[in-house]
Amino acid sequence: MIELIPAIDIINGQCVRLTKGDYDQKTVYRDSPAEVACEFEKIGFQRLHVVDLDGAKSKHIVNSAVLRHITTETNLKVDFGGGIKTDTDIETAFANGAQMVTVGSIAVTNPDLFISWMEKYGAERMILGADVRNGKISINGWKEDSQEDLLPFLRKYIEAGVRTVLCTEISKDGTLQGPAIELYTQVMEAYPELHLIASGGVSSFADIQALDKAGIPAVVFGKAIYEGKINLKELWDWQNA
């Protein structure tokens with residue numbers, strides 16, 4: 001059964017969503033991310049994906065206080081990403097209650113630092129962020145495209161010990177146009193041992209069922225929740241039937 005991970009994206013301390021990573025296409029849904037997290041936990045969810053969009057843009061963690069509020073108000077297992085560029089950033093994330101971190105840009109720009117973090121904190125606490133646009137890995141809040149192709153990029157880090165990857169198809173993210181199942185299937189065929197978390201485009205319960213049927217291990221979803229496209233109680237009941 002596919003692992004269900006609701007998402008909270010943060011700008012200015014508020015719960016927001018972007019469309020295709022465009023900061024000019026921002027919708028604010030709630031003023032208190034911690035209240036949203038509490039609602040997820042009340043339904044039964046145990047995992048949460050939190051993204052500091054201010055941090056991703058600024059290249060350092062900005063919303064650590066919001067992370068702390070979420071982790072003190074809930075018992076959710078939080079993975080946190082956005083702006084983790086230095087030893088200080090990753091220490092800040094863990095000090096404020098994150099149990100895992102999602103790191104993407106540094107894995108492109110400073111592989112040795114990323115690997116040192118895996119060695120220091122354990123591969124089980126590190127999620128490799130692989131954000132894809134036109135087949136290339138995108139970095140720094142999706143504002144820059146690297147020259148890294150997805151599958152060779154993943155292979156390099158799987159060989160280094162990575163076991164969990166969060167893969168976002170940027171052209172799908174925030175569009176409610178359905179997930180990139182073909183892309184995720186391609187990744188799983190290449191690396192069946194990987195715990196792949198699909199991200200981007202989920203618009204309905206049916207989309208999640210399709211990912212489950214395709215054998216994708218986990219999915220992150222956000223906008224479909226806030227737009228009322230997915231009934232979380234119904235989804236939780238399905239997963240636990």
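Scroll up to find the structure.
Rules of the game
Residues numbered from 1 in each chain as written. Predicted model: local features only at pLDDT ≥ 70, side-chain atom pairs only at ≥ 80, totals over all residues. Heavy atoms only, no water. Buried < 20%, exposed > 50% of the residue type's maximum accessible area, 1.4 Å probe, protein only. Helix = DSSP H or I, 4+ residues; strand = E, 2+ residues; numbered from the N terminus. Arc of directions from axis to C-beta. Phe/Tyr/Trp six-rings, centres within 6.5 Å; stacked < 30°, edge-to-face > 60°. Lys NZ or Arg CZ within 6 Å of the ring centre and 35° of its normal. Salt bridge = Lys/Arg side-chain N within 4 Å of Asp/Glu carboxyl O. Core = buried A, V, L, I, M, F, W, Y, C linked by side-chain atoms within 4.5 Å. Contact = heavy atoms within 4.5 Å. Pairing = 2+ DSSP bridges. Axes fitted to C-alpha atoms, helices over the stretch in contact; angles between N-to-C directions. Parallel < 35°, antiparallel > 145°, perpendicular 65-115°, else oblique. Left-handed = near helix turned anticlockwise from the far one by under 90°. Nonpolar A, V, L, I, M, F, W, Y, C, P; charged D, E, K, R; others polar.

Enquirer: So what exactly am I meant to see when it comes to helix α4 (residues 87–95) here?
Expert: Working note: α-helix, 3.6 residues per turn, so residues spaced by three or four point in the same direction. Restricting attention to buried positions, one finds in α4 the residues D89, I90, A93 and F94. With its buried residues spanning 130° around the axis, α4 presents them on a single face. Projecting away from the buried face of α4 at angles above 90 degrees are the exposed residues T88 and A95. Taken from the residues just after α4, G97 is the one with a positive phi, measuring 105°.

Enquirer: Looking at this structure, how should I read the packing of aromatic side chains?
Expert: Two measures describe an aromatic ring pair: the distance that separates the ring centres and the angle between the ring planes. Enumeration according to the criterion identifies 6 aromatic pairs in this entry. Pairing Y29 with Y226 gives two aromatic rings, centres 5.2 Å apart and planes at 25°, and the pair type is stacked. Of this pair, Y29 sits in strand β3 (residues 22–30) while Y226 is found in helix α10 (residues 223–226), placing the two residues 197 residues apart along the sequence. Accessibility classification places Y29 together with Y226 in one group, the buried group. On the basis of an interplanar angle of 70° and a centroid distance of 5.3 Å, the ring pair of F205 and W238 is categorised as edge-to-face. With F205 in helix α9 (residues 205–213) and W238 in helix α11 (residues 232–239), the pair connects residues that are 33 residues apart, well separated along the chain. Taken together, F114, F153 and Y157 form an aromatic cluster joined through their ring pairs. The positively charged end of R125 is found above the aromatic ring belonging to F94, 3.9 Å away from the centroid.

Enquirer: Looking at this model, I keep getting lost on the pattern of salt bridges. Mind explaining?
Expert: Between side chains of opposite charge, pairing is possible as soon as their charged atoms come close. By the definition in use, this model includes 9 salt bridges. Here E91 ties to K120 by a salt bridge, and the two come within 3.9 Å at their closest N and O atoms. Of this pair, E91 sits in helix α4 while K120 sits in helix α6 (residues 111–121), and the two are 29 residues apart along the sequence. The exposure class assigned to E91 is partly exposed, which follows from its relative accessible area of 40%. Across the pair D149 and K136 runs a salt bridge whose closest N-O atoms are separated by 2.9 Å. With D149 in strand β9 (residues 144–149) and K136 in strand β8 (residues 136–139), the pair connects residues that are 13 residues apart, well separated along the chain. When salt bridges that share partners are traced, they join E3, R47 and D79 into one network.

Enquirer: Any chance you could explain the nonpolar core here in plain terms?
Expert: Membership of the largest hydrophobic core comes to 73 residues, with the highest contact counts inside it found for F114, L154, I208 and F221. Not counting residues up to four positions away in its chain, the partners in contact with F114 are V103, I106, A107, M126, L128, Y157 and V162. Core analysis: the second largest hydrophobic core is formed by 8 residues, I5, A7, I127 and I197 among them.

Enquirer: I keep staring at the pairing of strand β4 (residues 47–52) and nothing clicks. Help me out?
Expert: Along any regular strand, the residues point their side chains to alternate faces of the sheet. The buried fraction of β4 amounts to 6 of the 6 residues, a majority that puts the element mostly inside the structure. Neither face of β4 is exposed, since R47, H49 and V51 on one face and L48, V50 and D52 on the opposite face are all buried. Examined bridge by bridge, strand β1 (residues 3–11) and β4 share 4 bridges and lie parallel to one another. Considered in β4, the bridge of A7 is made with H49.

Enquirer: Is there a simple way to explain the packing of helix α7 (residues 150–160) against helix α8 (residues 181–190) in this structure?
Expert: In a packed pair of helices, the relevant descriptors are the angle between the two axes and the axis-to-axis distance. Interaxial distance between α7 and α8 falls to 11 Å at its minimum, and their mutual angle equals 40°. Comparing their axes, α8 and α7 come out oblique. With respect to the hand of their crossing, α7 and α8 are arranged in right-handed fashion. Between α7, through L150, L151 and L154, and α8, the contact on the second element is made entirely by L183, Q186, V187 and A190. Considered class by class, the residues forming the contact of α7 with α8 number 6 nonpolar, 1 polar and no charged.

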